[in-house]
Amino acid sequence: MRPAIVQFAVFGAFAAQQTLTPVLPPLARELGLGEAGLGLLIAGAAAVVMAASPAWGRRVGRTGYRATMLAALGLAAAGSAAFAVAVPLGLAGVLTGATLWAALIASRAVVFGAGIAGAPVAAQSYVAASITDQAARTRALAMVGAAQGLALIVGPLIGGALGGLSLYAPLYAAPALLLATAAVVAARLPAGATPTAPHGAGRVSWRERQLWPYLCCGLGVLVALGMVQITIGFLIQDRLNATHAETASLTGFALVSSGIGYLVAQAVLVRLLKWSPRRLITVGALLAAVGGVLITVASGMPAVLAGMAAVGVGLGLAVPGYTTGATLGYPPAQQGAVAGLVGAANAAAFIIGPILGTVLYQWRPVAALLAACAILLGAAFVPAAATPPRQAPAGHNR
């Protein structure tokens, strides 16, 4: 069992995705898409991830984890390479109007979005099927999340450095990084390392009583995160009367504070605390809600940073909690289907959260944060509705 390889694969996939983050806004303006067009492109990709995740989960049960991971990375690399071709053609005027839009949507949203959806599904199902001890499974799944969190920091750093040389450089770096990641997976993850299931044998319904509370919890905490992330820049500018340049800088600090808290919680605290999934969810969601309240009443930047750090730590505890809780009681043949449903819920959250957050903020600035806190309070106790696992895994559970 080699969880480090699939954790590395998740890091490589999302680092490639985030490499484009610093250059997408200026490229969108150069292409004439504007802020709304870029938002539509990102939302379209999230919708594709939501639709594709269950399909990747079913594929895991048919072809295995290594083949699924390689297919996902290859598809993401193809979409990323096509996007790297479409953007320069658009800037040169070769592609315009509806043709340019079709090329961008097809490459970045459809092909790349479908590919990137498969990496966390394959990684989660591999870890869940390979580790029966609950505490060890929780730690390994937390490290998958930590790998994604680290990518959210490293990817933009790479993109920013390359973007200083040329706006095109990150476009070309992304598919290269994906292919390099696929090469490592092909060399280090053994074929047939985990069991596969006959066609149809690994299906799981989201309606099952032992699963849907964890899916609802995951949806809730990530909707709340999306609401906070999308509105924190507006709040900083409005509350502190900051200029556009100051807002960009201070918002960056706030998001880094949250990201560091999220990474530390998953990479360090989960391993040290050894709590059960339900306890991780309850404490994590409540801590994130406290952070949301602190941001709501903040009158200065120190309080905003402290609140964002609390949100990050809280969600860093809650995410591996509901991810692990969803896997309990399911045999290896069904872990791919479970991972696909978790991935779909996660993607749905990042469609709902930003839309709900901006609508509520426009209505009443404080409403978005208060709603996020209320959702987190509800999510803290939803897993209590789950039935006990059909198959109790070995391991520590306190």
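A few points on the structure.

Quick notes on the rules
- Residues numbered from 1 in each chain as written.
- Predicted model: local features only at pLDDT ≥ 70, side-chain atom pairs only at ≥ 80, totals over all residues.
- Heavy atoms only, no water.
- Helix = DSSP H or I, 4+ residues; strand = E, 2+ residues; numbered from the N terminus.
- Rg over C-alpha atoms; globule rule 2.2 N^0.38 Å.
- Expected span 1.5 Å × (residues − 1).
- Buried < 20%, exposed > 50% of the residue type's maximum accessible area, 1.4 Å probe, protein only.
- Contact = heavy atoms within 4.5 Å.
- Phe/Tyr/Trp six-rings, centres within 6.5 Å; stacked < 30°, edge-to-face > 60°.
- Lys NZ or Arg CZ within 6 Å of the ring centre and 35° of its normal.
- Patch = residues over 30% accessible without salt bridge, like charges linked within 9 Å, V, L, I, M, F, W, Y side chains within 5 Å.
- Areas by Shrake-Rupley, 256 points an atom, 1.4 Å probe, with all protein chains shown as cover.
- Salt bridge = Lys/Arg side-chain N within 4 Å of Asp/Glu carboxyl O.

Some details on the overall build of the chain
Helix and strand content of the chain: 13 helices and 0 strands. For the chain, the sequential pattern of α-helices and β-strands runs α-α-α-α-α-α-α-α-α-α-α-α-α. Here the C-alpha radius of gyration of the chain, 20 Å, is about what a compact globule of 398 residues would show, namely 21 Å. Taken along its principal axes, the extent of the C-alpha atoms in the chain is 55 × 50 × 30 Å.

What to know about helix 11 (residues 301-327)
Helix length check: helix 11 (27 residues) gives 39 Å between terminal C-alpha atoms against 39 Å at 1.5 Å per residue, within 8%. Taken across its 27 residues, helix 11 has 21 buried, putting it largely inside the fold. Following helix 11 by one or two positions, Gly329 adopts a phi angle in the positive range, close to 90°.

Focus on the environment of Pro156
Checked against the element boundaries, Pro156 lands in helix 6 (residues 134-163). Here the alpha-carbon distance between Pro156 and Ser205, two residues 49 residues apart in the chain, equals 37 Å. Once residues lying within four places of it in the same chain are set aside, the contact partners of Pro156 are Gln18, Pro22 and Ala151.

With respect to the packing of aromatic side chains
In the structure shown here, the tally under the stated rule is 3 aromatic pairs. On the basis of an interplanar angle of 55° and a centroid distance of 6.4 Å, the ring pair of Tyr168 and Tyr172 is categorised as tilted. The exposure class assigned to Tyr168 is partly exposed, which follows from its relative accessible area of 30%. For the ring pair Phe234 and Tyr361, a centre distance of 5.8 Å and an interplane angle of 35° mean the geometry is tilted. Of this pair, Phe234 sits in helix 8 (residues 212-240) while Tyr361 sits in helix 12 (residues 332-363), placing them 127 residues apart in sequence. It is Arg108 that lies over the ring of Phe83; its NZ or CZ is 5.6 Å from the centre. Lying over the aromatic face of Phe112, Arg108 brings its terminal NZ or CZ to 4.3 Å of the ring centre.

What to know about the side chain of Ser80
By the element assignment, Ser80 lies in helix 4 (residues 65-91). Take Ser80: its relative accessible area is 1%, and that puts it in the buried class. Excluding residues within four positions of it along the chain, Ser80 makes contact with Phe112, Leu171, Ala174, Pro175 and Leu178.

Re a nonpolar patch on the surface
Among the surface-exposed residues, Leu152, Ile153, Leu157, Val256, Ile260, Val264, Val268 and Leu272 lie close enough to one another that they form a single nonpolar patch of about 700 Å² accessible area. At the level of elements, helix 6 and helix 9 (244-273) are the ones that each hand at least two residues to the nonpolar patch. With 5 residues, helix 9 is the single largest residue contributor to the nonpolar patch. Mapped onto the elements, Val264 comes out in helix 9. Take Val264: its relative accessible area is 38%, and that puts it in the partly exposed class.

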